[in-house]
Amino acid sequence: MKLKINGQDRDIEDLDQKTPLLWALRDELGLVGTKYGCGVSQCGACTVLVNNVPVKSCTMPVGGLTDAEITTIEGLAGEGGELNPVQQAWVDLDVAQCGYCQSGQVMAAEGLLRSNPNPTDDEIDQALAANICRCGTYIRIRQAVKQAAGRMVAGE
């Protein structure tokens, strides 16, 4: 089976089609930026984009993804390693404390901004509500999403 991940076709032939995407990413392909949190789609640490929509990869079987565009945290940075606007906002505003949930938070924010480039506070809160941050950096997360939105609208 082939999956298109971060713009590249990746072969995972020997994998059971019921295997969750999270484990294909981490164990088969070495893309460990996507984190395992709860394993039941409740915390959001495993969030990736599938066709630009944030999804929980811990419960999504790989078998139904052969025609999908999958983007992980590793796929956001530019070819030269430059951070994308969401990642840069996270750094600029020192969002992460422990950092464990942050790849999922960044991916959820990226998905929001791809569909809504100028979200309100309520829209940000709603879009990221399914991503839990045990450190409670929600105010900085919202500020980072707003900063990233401004950069994206400005073409930065």
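Our subject is the structure that appears above.
So, here is what we can say about the structure in this document. Quick caveat, the model's predicted, so the values are computed rather than measured. (Residues numbered from 1 in each chain as written. Predicted model: local features only at pLDDT ≥ 70, side-chain atom pairs only at ≥ 80, totals over all residues. Heavy atoms only, no water.)

## Quick look at the sheet that holds strand β3 (residues 47-50)
By way of backbone hydrogen bonds, the strands of a sheet pair with one another, either parallel or antiparallel.
Here is step 1: Across the sheet, five strands lie side by side as β2-β1-β5-β3-β4; this open sheet has mixed pairing. Since the sheet does not close on itself, it has two edges, and those belong to β2 (8-11) and β4 (53-56), each with one partner. The average undirected angle you get between the axes of adjacent strands in this sheet is 40°.
Here is step 2: Bridge count for strand β1 (residues 2-5) against β2 is four bridges, and the pairing is antiparallel. Opposite K4, over in β2, you have D9 as the bridge partner.
Here is step 3: Contacts between helix α1 (residues 21-28) and the sheet are confined to β1, β3 and β5 (69-71), with β3 contributing the most and set at about 105° to the helix.
Here is step 4: Seen against the sheet, helix α3 (residues 102-115) touches β3, β4 and β5 and runs at an angle of roughly 30° to β3. (Pairing = 2+ DSSP bridges. Helix = DSSP H or I, 4+ residues; strand = E, 2+ residues; numbered from the N terminus. Axes fitted to C-alpha atoms, helices over the stretch in contact; angles between N-to-C directions. Contact = heavy atoms within 4.5 Å.)

## Here we look at the layout of surface pockets
Here is step 1: When its volume is computed, the largest pocket comes out at roughly 220 Å³.
Here is step 2: What lines the largest pocket is simply G37, C38, C43, A45, C98, Y100, C101, I132, C133, R134 and C135.
Here is step 3: The residue makeup of the lining of the largest pocket, split by class, is nine nonpolar, one polar and one charged.
Here is step 4: Here the lining of the largest pocket spans two domains, and each of domain 1 (2-75) and domain 2 (85-153) adds at least three residues to it. (1 Å grid on protein atoms, 1.4 Å probe; cavity = no way out; pocket = protein on both sides within 12 Å on 5 of 7 lines; lining within 4 Å. Points joined across faces, edges and corners; volume = space filled by probe spheres on them. Nonpolar A, V, L, I, M, F, W, Y, C, P; charged D, E, K, R; others polar. Domains from an automatic or database assignment.)

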